[in-house]
Every structure is written in structure tokens, then in C-alpha cells.
Amino acid sequence: MAKNRSKIVYLCSSCGADFPKWHGQCPTCNEWGTLSEFKVSNTNSSRINTEKKETHTLEAILHKEEVKRTSIGIKEVDRVLGGGVLSGSMILLGGSPGIGKSTLALQTLSSFEQNVLYASAEESEDQIALRAKRLNVLSSNIHLSSENKIDEILNQVSLLKPQLLIIDSIQTIFNENLDSLPGSVSQIRECGQKLLQLAKDEKIAILVIGHVTKEGVIAGPKMLEHMVDTVLYLEGDERNDHRILRSVKNRFGTTNEVGIFQMTTLGLEEVKNPSELFLAERRNDITGSTIFPSLEGTRPILVEIQSLVSNSNFSAPQRNVNGFDFKRLSMLLAVLEKRMGYKMGMKDVFVNLVGGLKINDPAADLSVITALASSEKDQLIKDSYVLIGEVGLGGEIRSVTRLEERINESAALGFTNVVAPKSSVNRLKNKPKKVIMHPISHVVEAFNLIFK
Ligand SMILES: Nc1ncnc2c1ncn2[C@@H]1O[C@H](COP(=O)(O)OP(=O)(O)OP(=O)(O)O)[C@@H](O)[C@H]1O
Ligand SMILES: [Mg+2]
């Protein structure tokens, strides 16, 4: 009989890789002094399993229909997940302290018809029950547990056979066979692996909550993100009560999909029209502000881009950016300086995406560069304009994806002028009726149009 023996490995606290020998520098991520000794359980040793296991054809697997999606009943969450929770899948939900992870997790439980288990070592059963009462998540098939030992949780699962298991959080559960503390790289890795095995073997959907580090990434080995099927982040602006749920990895749906919520006493409520929310406090008498129809995942959302350019009092001028890529901003400033003759070298530059939204879409370049120019010239941009386009190093405007959807969302919110790349406008199948199109191929053309 196989003994449950343990072995010594050296784990890197930076990348989570393990080695049989100690190294001063991690051979995988090249960080120095990150390897420490850990005892790991050796239950599934490398012995060849003599038990015969059949293989199955793809067709047979597809006809079994065991894999099914369950709708959460919260449309925004369902869309971010790619249409609901898939049985046998493991989802990792990360977010800053107090952002609403436990609230969202609890709210997802009400739509399940079979048993669900909420295992929270962070809070007592009474605390969870109180929150559930406030959120009105009351159903007889919701089971609570405040267990923190992974093996005990697995026992509870084998008794209850839940459709969904929630672990709140992966940093608080541990395996007794390891001598490291809960939350350490080895514990998170071990528990993560056990949960993954459970999800695949028992076809249970598992939602694991994870804390994030100061840098905003999920604490623990990066491997955890590779292991799971879906990685979600709950983000928010501390000053606002809205929250953004974003999928950064999804094996069964599109990534970068976002769901927008408002935090209320009754929990996270869906925001039906996010563009309206993001533009609610917009003023049209401020220079340096542009509107950009961003495409987050499958849905267009209008965002306000604000910029402020002022004379610097420092020898090294400040560059401050919120929600937009810093390197991209530097590139746009260089284009402004070199191609458009703006003197940005001695200016402090601030760029902010209103509402805490973050965008990676290069189509925002034109909006950002125009906002910068508007602030520098102190000249207003007419409030009926939206600007879309990727800016190249020569100041040329490059094509963007899914222009039609961006135009429709802009028109729906009452914007009547769309400045967009000529190449993308030429490719439009239907000529937009509700807006005036301004096709351009260089930043100069956009500035001539906007600042005439
Ligand atoms: N009665 C209430 N009314 C409105 N909002 C509330 C109320 N109680 C809590 N909240 C909101 O819920 C948030 C806490 O939610 P939750 O406990 O789900 O966060 P969390 O991400 O799980 O936090 P942690 O990292 O501590 O586990 C608070 O920051 C607050 O915004
Ligand atoms: Mg919590």
C-alpha cells in the first residue's frame, strides 16, 4: 500500500517553481534568494499506475452531456463567465480587501437548485449568515462551513456532493501534512491542486477567492492562475461605489469581458447602462476631456478621458496616468512633440479615465492625444464628438476593431459626430444614419477638425 510520505522541495516564492536542490538564484525566474525549503506530501508519487483506465472518444464524451452551464441569474456575471458556470470548472476571483469578493460569491449561490457549499475560513458561519440575510440570499440548499483544513473540506464535499463549492479564501485554507503557514506558496499550490482534482473528478464547479498583493496580482504562485479555467478580478474605485468584474483568463469564453456593478446595502447590483454611469458627472466646459467608445470584451462602453497638461516646477516633469498604459502615454507625448510641434518636455502630464475603468484598447490613442492637445491649448472639444483610432509613430491613424458597435453605442448616448480611421470607415457595411462620420488618416486632420 502506498504510504503518505512527504518529501523536501525548494520552492520559489516569486514564480512558484519547485526544485529538488537549493539554488541561490531561481533557475526559472532568475530572482535571487527566493527559494526556501518545504515539505510537500507525496501521495501521488511518480509510480506508474497499474490500474487500467480506458480512453474515450471525443464523440462519446460530447454525448455524455455531463458538462453543463448553470446561469448565475446575474446577467453581468454570466456574461463575464461566458454564459454561466460550467460544471467541473475552477474559477479564481481576486480583488483588493473589502472590494466585495465575498458579497459577490454569496450572491451567486441563490440560482443553484442543488446543494451548494460556501466554505469560509475567513468569517464565522454566523457572520456569513448575517451577510446572506442582508443580501437576501436565503435558500435551504446553501450550506455553510468555516473549516480551514483542505482535507476536511474535501470530506464535507464528498458527503454533500454540492453543485458549486466556494472557497473564501485560498490563502486561509491549508494542508496539515505541510509544515508551512496558510497563504504560503506551497500551501496555496497544494490546496489549489487538490481543488482542481476535485473539480475535474467530481464535475463540481469551484469558485476560489484569492487576495491580491500590493501590485494588484493574486497572491501566491503564478501557477495558480495557470491551473484554473477562469481568472476574474473584481476592481473598483475607492471613491465610487461601482465595481468592475473583469475576466483576464477564460478557457470557455472571451477575455477582457467586464461586468459593471453598484455596491448597495443589498449587495452588488447590475448596472444596466454603464456608459450612462461613467458619463454621469461629465462637464462640457472643461478642456482636456474627450469621449472614447471603448470595447471591453464584447460590449462597448463610453468612457471619459481627462487630461491635464501644466508647466512643471520639477526638473523631471511628472507623468501620472490612471487606467491607461504608461508607455503608450509616453509614445503619444513623443508623437505630439515630434509630429505636431507641441513642447511637452517641461510639462507635467496627468491622464485619468473617469470611473476607475482600465483600458488596453489601442483605439483609445486618438482620444488621449486629442485630450492632451486640448488641455495644452486650453481649447474645448465640442461635446457631441467621440474619437476613435490607433495612433502610429508617424502620427498616422490606424484601423480599429468593431467600429460599427462603437458607433451604435455613441449614437445611443446622443453623440452625433464620430471621428474614426478612414480605413475602418471604408470597411463599414452599413452607412451610419444617426451620426456624422469624420474619416481621417492622420492626427493633423483630427486636430484641424476639432480645434478649428
Ligand atoms: N450594509 C452595507 N451597505 C452597503 N455596503 C456594504 C454594507 N456592508 C458592507 N458593504 C460593502 O461591502 C464591502 C465588503 O464586502 P466583502 O466583505 O464582500 O468584501 P471582500 O472583498 O470579501 O473583503 P475581504 O477582503 O475583507 O474578504 C464593504 O467595503 C462595503 O463596500
Ligand atoms: Mg471576504
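Residues numbered from 1 in each chain as written. Chains lettered and ligands numbered in written order. Predicted model: local features only at pLDDT ≥ 70, side-chain atom pairs only at ≥ 80, totals over all residues.

1. Side note on the overall build of the protein
A count of helical and extended segments in the protein gives 13 helices and 23 strands. Dimensions of the protein along its principal axes, counting C-alpha atoms only, are 85 × 50 × 50 Å. Within the protein, the proportion of its 452 residues that are buried is 42%. Contacts in the protein between residues far apart in sequence, at least 24 positions, make up 66% of those at least 6 positions apart. (Helix = DSSP H or I, 4+ residues; strand = E, 2+ residues; numbered from the N terminus. Buried ≥ 20, exposed ≤ 12 C-beta atoms within 10 Å, placed from the backbone. Contact = placed C-beta atoms within 7 Å.)

2. Digging into the packing of helix α10 (residues 365-377) against helix α13 (residues 443-450)
Put simply, α10 and α13 touch, their axes get as near as 11 Å, and they point 50° apart. Here α13 runs oblique to α10, going by the angle between their axes. Relative to α13, α10 is oriented so that their crossing is right-handed. Contacts from Leu366, Ile369, Thr370 and Ala373 in α10 reach Val443, Ala446, Phe447 and Ile450 in α13. (Axes fitted to C-alpha atoms, helices over the stretch in contact; angles between N-to-C directions. Parallel < 35°, antiparallel > 145°, perpendicular 65-115°, else oblique. Left-handed = near helix turned anticlockwise from the far one by under 90°.)

3. Focus: the domain arrangement of the protein
When cut into domains, the protein gives domain 1 (6-41), domain 2 (66-272) and domain 3 (277-450). On a C-alpha basis, the centroid separation for the pair domain 1 and domain 3 is 46 Å. (Domains from an automatic or database assignment.)

4. Overview of the packing of helix α5 (residues 150-160) against helix α6 (residues 185-202)
With their axes 11 Å apart at the nearest point, α5 and α6 run at an angle of 15° to one another. The angle between the axes of α5 and α6 places the two elements in the roughly parallel class. As α5 packs across α6, the resulting crossing turns out to be right-handed. For the pair α5 and α6, the contacting residues are Ile150, Leu154 and Val157 in the first and Cys191, Lys194 and Leu198 in the second.

5. Re helix α9 (residues 326-340)
Between its first and last C-alpha, α9 extends 20 Å over 15 residues, near the 21 Å set by a 1.5 Å rise per residue. Those residues of α9 that sit buried are Leu329, Leu332, Leu333, Val335 and Leu336. What you see down the axis of α9 is that its buried residues fit within an arc of 155°, all on one side. Residues Lys327 and Ala334 are exposed on α9 and point more than 90 degrees away from its buried face. Check the buried side of α9 and you find it contacts β17 (319-322), β18 (347-353), α10, β20 (390-391) and α13. (Expected span 1.5 Å × (residues − 1). Arc of directions from axis to C-beta.)

6. Observations regarding the sheet that holds strand β16 (residues 299-311)
Ordered by their spatial adjacency, four strands build an open sheet running β15-β16-β18-β17, and the pairing between neighbours is mixed. Both edges of this open sheet fall to β15 (289-296) and β17, since each of them pairs with a single strand only. Direction aside, the axes of adjacent strands within the sheet are offset by 20° on average. Bridge analysis of β15 against β16 gives eight bridges, and the strand direction is antiparallel. Looking across to β16, one finds that Phe292 is bridged to Val303. (Pairing = 2+ DSSP bridges.)

7. Focus on the site of ligand 1
Around ligand 1, the structure places Gly95, Pro97, Gly98, Ile99, Gly100, Lys101, Ser102, Thr103, Glu122, Met263, Thr264 and Thr265. With three residues, helix α3 (residues 101-107) is the single largest residue contributor to the shell around ligand 1. Per-class residue counts for the shell around ligand 1 are three nonpolar, seven polar and two charged. (Near = placed C-beta within 6 Å. Nonpolar A, V, L, I, M, F, W, Y, C, P; charged D, E, K, R; others polar.)

8. A closer look at the sheet that holds strand β22 (residues 417-421)
In space, the three strands of this open sheet follow the order β19-β22-β23, with parallel pairing throughout. Of all the strands in the sheet, the pair left with one neighbour each is β19 (385-387) and β23 (436-440). When the angles between neighbouring strand axes are averaged without regard to direction, this sheet yields 20°. Where β19 and β22 come together, three bridges link them in parallel fashion. Counterpart to Val386 in the pairing with β22 is Val418. Relative to β23, α13 is tilted by about 140°, and along the sheet it contacts β19, β22 and β23.

9. Brief notes about the environment of Ala105
Relative to the assigned elements, Ala105 resides in helix α3. Every residue in contact with Ala105, bar those within four places of it in the chain, is listed here: Leu93, Ile166, Asp168, Leu207 and Ile209.

10. With respect to unusual backbone geometry
Cis geometry marks the peptide bond from Asp168 to Ser169; its omega dihedral reads 5°. Here Ser169 is to be found in the loop between β9 (164-168) and α6. Even without glycine at this site, Asn30 takes up a positive phi of about 65°. Summarising the element assignment, Asn30 is placed in the loop between β2 (18-19) and β3 (35-41). What makes Asn30 exposed here is the crowd of 10 C-beta atoms within 10 Å. Non-glycine residue Lys203 carries a positive phi angle of around 60°. Inspection of the secondary structure puts Lys203 in the loop between α6 and β10 (205-211).

11. Here's the deal with the environment of Leu295
Looking at the secondary structure, you find Leu295 in strand β15. Along the backbone, Leu295 and Asp18 are 277 residues apart, and their C-alpha atoms lie at a distance of 39 Å. Every residue in contact with Leu295, bar those within four places of it in the chain, is listed here: Pro300, Asp361, Thr401, Arg402, Glu405 and Arg406.

12. Some thoughts on the pairing of strand β11 (residues 230-236)
Burial runs high along β11: six of the seven residues are buried. The sheet contact formed by strand β6 (residues 90-95) and β11 spans five bridges and is parallel. Note that in β11 the partner of Leu92 across the bridge is Val231. The pairing of β11 with strand β12 (residues 242-250) spans seven bridges and is antiparallel. For Val231, the partnering residue across the bridge sits in β12 and is Lys249.

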